[in-house]
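Chain by chain, the residues:
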Amino acid sequence: GVDWMYRYPVPYRASGSASPLFYSYDVGLMHVLCIPGTYAPTGLDSPQYQFVLEDLQRLNRSDTPWLVVQFHTPWYNSNEVHYQEALTMQTDLEDLFYEYGVDLIFN
């Protein structure tokens, strides 16, 4: 459901996003990028991928040297029920995260 959007408003417009599903913000020396991950398409031509790419390209590491990405479904886990659940997302985004030097991922 979308109940969370009414309970927990997110700063998606301020980060240039057209969707509350992906957004970013700065906190002190940290830039936080929040995405739905596997809950929306992640291919090169998807809105999610394009937002991630544009956000990372705009990032000024002098102002915010720490880059944190937040999404739900973990890429690496030992839960057999969810084994490789996020493999497509990982294939689509992992190289981009390495290229831009993501420091930490929260799942």
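Enquirer: Explain the packing of aromatic side chains to me, using residue names and the numbers behind them.
Expert: As enumerated under the stated definition, the model contains four aromatic pairs in all. With 5.5 Å between their ring centres and 40 degrees between their planes, F22 and F51 make a pair best called tilted. In this pair, F22 sits in the loop between α1 (3–7) and β1 (23–27) while F51 sits in helix α2 (residues 47–58), placing the two residues 29 residues apart along the sequence. Taken together, a centroid distance of 5.4 Å and an interplanar angle of 35 degrees make the contact between F71 and W75 tilted. This pair shows no difference in class: F71 is buried, exactly as W75 is.

Enquirer: Break down unusual backbone geometry for me, with residues and values.
Expert: With a phi angle near 60 degrees, Q84 is a residue other than glycine that sits in the positive phi range. Inspection of the secondary structure assignment puts Q84 in the loop between β3 (66–70) and α3 (87–99).

Enquirer: Can you lay out the layout of surface pockets for me, pointing to particular residues and giving the numbers?
Expert: Its volume calculated, the largest pocket comes out at about 300 Å³. Along the walls of the largest pocket sit W4, P20, L21, Y23, C34, I35, P36, Y39, Q70, F71 and H72, which together make up its complete lining. Here the lining of the largest pocket is built from residues that sort into nine nonpolar, two polar and no charged. Quantified by volume, the second largest pocket comes out at close to 180 Å³. Forming the boundary of the second largest pocket are F71, W75, Y76, E94, F97, Y98, V102, D103, L104, I105 and N107. Counting residues per element, the ones that place at least two in the lining of the second largest pocket are α3 and β4 (104–106). Counting residues per element, the lining of the second largest pocket draws most heavily on α3, which supplies three residues. Taken together, the residues of the lining of the second largest pocket sort by class into eight nonpolar, one polar and two charged.

Rules of the game
- Residues numbered from 1 in each chain as written.
- Predicted model: local features only at pLDDT ≥ 70, side-chain atom pairs only at ≥ 80, totals over all residues.
- Heavy atoms only, no water.
- Phe/Tyr/Trp six-rings, centres within 6.5 Å; stacked < 30°, edge-to-face > 60°.
- Helix = DSSP H or I, 4+ residues; strand = E, 2+ residues; numbered from the N terminus.
- Buried < 20%, exposed > 50% of the residue type's maximum accessible area, 1.4 Å probe, protein only.
- 1 Å grid on protein atoms, 1.4 Å probe; cavity = no way out; pocket = protein on both sides within 12 Å on 5 of 7 lines; lining within 4 Å.
- Points joined across faces, edges and corners; volume = space filled by probe spheres on them.
- Nonpolar A, V, L, I, M, F, W, Y, C, P; charged D, E, K, R; others polar.

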